[in-house]
Amino acid sequence: MKNENPSNPPFMKKAKQENTASRNPDREGRLSEEQEKALTARVSGVSIVGNVFLSAFKLVAGIFGHSSAMVSDAVHSLSDVLTTVIALIGVKVAKRGADTEHPYGHDRFECVSSEILAGLLLVTGVGIGLSGIRTILAGNYGELEIPGILPLIAAIVSIAFKEAMYHYTKACAKKLRSSAFMADAWHHRSDALSSIGSLVGVAGARAGFPVLDPLASVVISAFILKVAVDIFRDAIRKMTDTACDAEYTEKMRQYIAGQEGVARVDLLQTRMFGEKVYVDVEIAVDAHMELEDAHAIAERVHDGLEQQFDNIKHVMVHVNPYEK
């Protein structure tokens, strides 16, 4: 039986890891700890600084350009600063090693971060939506001020910048394997979509339909709420020991069954632990085999799974007797 404490580092030799990485393209391009820290700092810095300037620009454009949609959009962009900070904190905490109080590590703290992000998006979306609805229900459309050209320019700038930030943050999130930064990327996308709503609302109001400006705020809130729900559902899935997808599990089963000495795979269970994967497997080996030989097979299965399959944090291999 293989009963390794998950708080201990894998007992693979370094040379063995390097050789396996060269055979397994899925594991190539992994970032070192220093590279992860540098990338985390860079993507956070770009997001925070960019959103501060963009929020200020949109807020000024909305106030002086008389556009409620652009003011709502500015509030949404300002919330991006806070969400990026929360994502950064979540990633940093999740990277901590195991300790006495958390022997399985801190990986789930990143899911907590994503849930906080979802909550902030939810509050932001509801607030923007209610404000737009109140303006629409008031019905004084003739008294609404026509937006100037400045909000129109701000909307176009925002769409271009936030869409670029979405692609940049998403690429970095994939490299870091970070759900928190992936949630932050979708927050950028939701901001780009909300700016499209602002653009339509401002342009419509300038064309003689002032109700389109507050209506755009309601549309923006719907986009924000949709993203909030998606992020929250993904975080909950990763915190409730959800199994890996069927394709990933089947590849794992075939790999185990193909190992020398494994007569049968009796049980294979996987569960997500934050961004990491925990695996419980029972294999059957010749009942008359020496204990030392059976242990070697279990160890080979254990090491092979950690080397060949990405994001595996812990593997438990149990050996059952197999009668021919």
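Residues numbered from 1 in each chain as written. Predicted model: local features only at pLDDT ≥ 70, side-chain atom pairs only at ≥ 80, totals over all residues. Heavy atoms only, no water.

Student: If you had to explain the overall build of the chain to someone new, which residues and values would you point to?
Tutor: In terms of regular secondary structure, the chain is built from nine helices and three strands. Counting across all 324 residues of the chain, residues that qualify as buried make up 44%. Restricting the contact set of the chain to residue pairs at least 6 apart, pairs at least 24 apart contribute 75%. By element, 61% of the accessible surface of the chain is carried by carbon and sulfur atoms, the whole surface being about 16200 Å². (Helix = DSSP H or I, 4+ residues; strand = E, 2+ residues; numbered from the N terminus. Buried < 20%, exposed > 50% of the residue type's maximum accessible area, 1.4 Å probe, protein only. Contact = heavy atoms within 4.5 Å. Areas by Shrake-Rupley, 256 points an atom, 1.4 Å probe, with all protein chains shown as cover.)

Student: Explain the environment of Ala-287 to me, and be specific about the residues and the numbers.
Tutor: When you line up the elements, Ala-287 lands in the loop between β2 (276-286) and α9 (291-308). The spatial distance from the C-alpha of Ala-287 to the C-alpha of Pro-321 is 4.2 Å, given a sequence separation of 34 residues. If near-sequence neighbours (up to four positions away) are discounted, Ala-287 is found in contact with Pro-321, Tyr-322 and Glu-323.

Student: Any details on helix α6 (residues 179-206)? Residues and values, ideally.
Tutor: Spacing of three or four residues puts side chains on the same side of an α-helix, whose turn is 3.6 residues. A rise of 1.5 Å per residue sets the reference length of α6, with its 28 residues, at 40 Å; its end C-alpha atoms lie 40 Å apart and thus fit the reference within 8%. After α6 finishes, the residue Gly-208 shows a positive phi value of roughly 110°. (Expected span 1.5 Å × (residues − 1).)

Student: Quick rundown of a nonpolar patch on the surface? Include the residues and the values.
Tutor: A contiguous nonpolar surface patch, about 770 Å² in accessible area, is contributed by Phe-57, Leu-59, Val-60, Ile-63, Phe-64, Ile-149, Leu-150, Ile-153 and Val-157. If you list the elements that add at least two residues to the nonpolar patch, you get α2 (33-64) and α5 (149-176). Along the chain, Val-157 turns up in helix α5. (Patch = residues over 30% accessible without salt bridge, like charges linked within 9 Å, V, L, I, M, F, W, Y side chains within 5 Å. Salt bridge = Lys/Arg side-chain N within 4 Å of Asp/Glu carboxyl O.)

Remember, this is a structural readout, not a statement about activity or role.
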